[in-house]
Amino acid sequence: MTKDTKSAPTLEDVARLASVSTATVSRCLNSPAQVSATTRERVQEAVAQLGYSPNFGARAMAAQRTRTIGAIIPTMENAVFAQGIQAFQEELDADGYTLLVASSSYRTDLEEQQIRSLIARGADALLLIGYERAPAITEFIEAQGVPTLITWAYDPARTRPTIGFDNRNAMRRLTEEVLRLGHRHVALIAAETDTNDRVAERVRGVAEAMQQAGLPADTLVIHRTRYGIETGAAGFAEVMRAHPQTTVVMCANDVLAVGAMKQARVMGLDVPGDVSITGFDDIELAQVTSPEIATVRVPHREMGRRAARALIDLLETGVPLQSQNLNAELRLRGSLGPVQEAKR
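Throughout what follows, the structure given in this document is the object of discussion. (Residues numbered from 1 in each chain as written. Predicted model: local features only at pLDDT ≥ 70, side-chain atom pairs only at ≥ 80, totals over all residues. Heavy atoms only, no water.)

**Brief notes about the sheet that holds strand 6 (residues 186–190)**
In space, the 4 strands of this open sheet follow the order 7-6-8-9, with parallel pairing throughout. Every other strand in the sheet has two partners, leaving strand 7 (221–224) and strand 9 (276–278) as the edge strands with one partner each. Adjacent strand axes in the sheet meet at a mean angle of 20° when their direction is disregarded. Seen against the sheet, helix 9 (residues 197–212) touches strand 6, strand 7 and strand 8 (248–251) and runs at an angle of roughly 175° to strand 6. Together, strand 6, strand 7, strand 8 and strand 9 form the strand contacts of helix 10 (residues 229–242), whose direction differs from that of strand 6 by roughly 150°. (Pairing = 2+ DSSP bridges. Helix = DSSP H or I, 4+ residues; strand = E, 2+ residues; numbered from the N terminus. Axes fitted to C-alpha atoms, helices over the stretch in contact; angles between N-to-C directions. Contact = heavy atoms within 4.5 Å.)

This is the structure we're talking about:
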């Protein structure tokens, strides 16, 4: 005696129940932004009622596309990347794309493995952070014909399509404000720059502003450390111990700056009376310290949204990727003040 089996619901079943065409159902599933909210809701109700599940494998084979975008970020612990990737995913989701995210932990070897893995899994395009990676992996991506967009950086001298901001220019403008307030003994806490071109550009921005102000190169003290609140605190303590004449500690991101603020309190130093502190990124933490941290506002969500839109337009209509330089704005807050007369 054979057992009755119920066949899986089809696209046609969904269309019939929702009283729309199969083409409309397909648009709802693949490009929901192209369908009215009322129709989309009706189709979604039919999908839920029938328990319909699209056969993405068959669809990908037929279209030679997976409607999947891969993104590799340096870390999932930094709120900066979280905000940008959230906006990136929201924009992709509105057009029926799936996002696969990997974290490289700032390791170039791991990022290369992840690039190969995402391409092997059929990613239609890639989003990568920064320019720096080995020529061999860049050549591999190009050989596979996978569109790649760079973000969190912008350099007009580079040819790869980028939607980001000019790290060097932003940090130079912040340093100019620091110097305008009379600071001449400047320290910078930053990560290593060998594999992080964004930090390297920020360091150059500080050095350029100081050079343009006629200050000797050895006036700038640079302390290298990993990113973290505790490492920022330890870096601040070391800088102030070794260079007590320092009047401003600039940090290459807000997380380090929060650590520096914490350590300043431990050491009984007034901010900005005894020493000024600045950050970079303008994450929410920068606005809950006392005083609030002077920083550079990175357009996290705008970058993510525009990057997704550019990749979708390329994949859907063939619009070529065009580099976009977004504005990173200064946020001059209470942690940055003028040098006290006694320290000039």
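**Quick notes on a nonpolar patch on the surface**
On the surface, a nonpolar cluster with roughly 250 Å² of combined accessible area is contributed by Ile 229, Leu 285 and Val 288. Inspection of the secondary structure assignment puts Ile 229 in helix 10. (Patch = residues over 30% accessible without salt bridge, like charges linked within 9 Å, V, L, I, M, F, W, Y side chains within 5 Å. Areas by Shrake-Rupley, 256 points an atom, 1.4 Å probe, with all protein chains shown as cover. Salt bridge = Lys/Arg side-chain N within 4 Å of Asp/Glu carboxyl O.)

**Focus: helix 9**
With 16 residues, helix 9 ought to run about 22 Å at 1.5 Å a step, and its terminal C-alpha atoms sit 22 Å apart, in line with that. Of the residues making up helix 9, those classed as buried are Asp 197, Arg 198, Val 199, Ala 200, Glu 201, Arg 202, Val 203, Gly 205, Val 206, Ala 209 and Met 210. Backbone nitrogen of Arg 198 and a side-chain oxygen of the N-cap are separated by 3.2 Å at the start of helix 9; the cap is Asn 196. Just past helix 9, the residue Gly 214 takes up positive phi, approximately 80°. (Expected span 1.5 Å × (residues − 1). Buried < 20%, exposed > 50% of the residue type's maximum accessible area, 1.4 Å probe, protein only. Polar contact = N/O pair within 3.5 Å; in protein donor to acceptor, adjacent residues only side chain to side chain.)

**Points about the pairing of strand 7**
Sheet topology places strand 6 next to strand 7; 4 bridges connect them, and they run parallel. Across the sheet, Ala 187 pairs through a bridge with Val 221, a residue of strand 7. Handedness of the crossover is the feature at issue here: the chain leaves strand 6, passes through helix 9, returns alongside strand 7, and the resulting connection is right-handed. (Right-handed = clockwise from strand over helix to strand, strands pointing away.)

**Some words on the packing of aromatic side chains**
Under the defined criterion, the tally for this structure stands at 2 aromatic pairs. Aromatic side chains Phe 81 and Trp 152 sit 5.1 Å apart centroid to centroid with 55° between the ring planes, which places their arrangement in the tilted category. Of the two residues, Phe 81 sits in helix 5 (residues 79–94) while Trp 152 sits in the loop between strand 4 (148–151) and strand 5 (162–164), which places them 71 residues apart along the sequence. For Phe 81, a relative accessible area of 5% gives the class buried. Since its relative accessible area comes to 3%, Trp 152 is described here as buried. For Arg 67, the ring lying beneath its charged end belongs to Tyr 97, and the centroid distance is 4.2 Å. (Phe/Tyr/Trp six-rings, centres within 6.5 Å; stacked < 30°, edge-to-face > 60°. Lys NZ or Arg CZ within 6 Å of the ring centre and 35° of its normal.)

**Some thoughts on helix 10**
In this model, helix 10 (14 residues) spans 20 Å end to end at C-alpha, consistent with the 20 Å of a helix rising 1.5 Å per residue. For helix 10, the complete set of buried residues consists of Thr 231, Gly 232, Ala 233, Gly 235, Phe 236, Val 239 and Met 240. Buried residues in helix 10 make contact with strand 6, strand 7, strand 8, helix 11 (254–266) and strand 9.

**Details of the pattern of salt bridges**
The tally for this structure, following the rule as stated, stands at 25 salt bridges. When the shortest N-O distance is used, the salt bridge between Glu 142 and Arg 160 registers 3.2 Å. Taken as a pair, Glu 142 in helix 7 (residues 135–144) and Arg 160 in the loop between strand 4 and strand 5 lie far apart in primary sequence, 18 residues in all. Given the relative accessible area of 22%, Arg 160 is considered partly exposed. Ionic pairing is found between Arg 204 and Glu 201, a salt bridge with its closest N-O pair at 2.3 Å. One end of the pair is Arg 204 and the other is Glu 201, both in helix 9 and 3 residues apart, which spans about a single turn. The class of Arg 204 is partly exposed, set by a relative accessible area of 41%. What makes Glu 201 buried here is its relative accessible area of 17%. Taken together, the shared-partner salt bridges connect Arg 168, Arg 172, Glu 201, Arg 204 and Glu 208 into one network.

**What to know about the nonpolar core**
By size, the foremost hydrophobic cluster in this structure holds 55 residues, and its most contacted members are Ile 69, Phe 88, Leu 92, Leu 149, Trp 152, Leu 188 and Met 250. If one sorts the elements of this core by residue count, helix 12 (residues 300–317) sits on top with 8 residues. Beyond its immediate chain neighbours, meaning those up to four positions away, Leu 92 contacts Ile 69, Tyr 97, Leu 99, Ala 308 and Ile 312. (Core = buried A, V, L, I, M, F, W, Y, C linked by side-chain atoms within 4.5 Å.)

**Thoughts on unusual backbone geometry**
At the junction of Val 271 and Pro 272, the peptide bond is cis and its omega measures out at 10° in the coordinates. Looking at the element boundaries, Pro 272 is found in the loop between helix 11 and strand 9. Going from Ser 290 to Pro 291, the amide bond is cis rather than trans, its omega being 0°. Mapping Pro 291 onto the fold places it in the loop between strand 9 and strand 10 (295–297). For Ser 105, which is not glycine, the phi torsion reads 55° and is therefore positive. For Ser 105, the location among the structural elements is in the loop between strand 2 (98–103) and helix 6 (108–120). Its identity is not glycine, yet Trp 152 carries a phi of approximately 65°, on the positive side.

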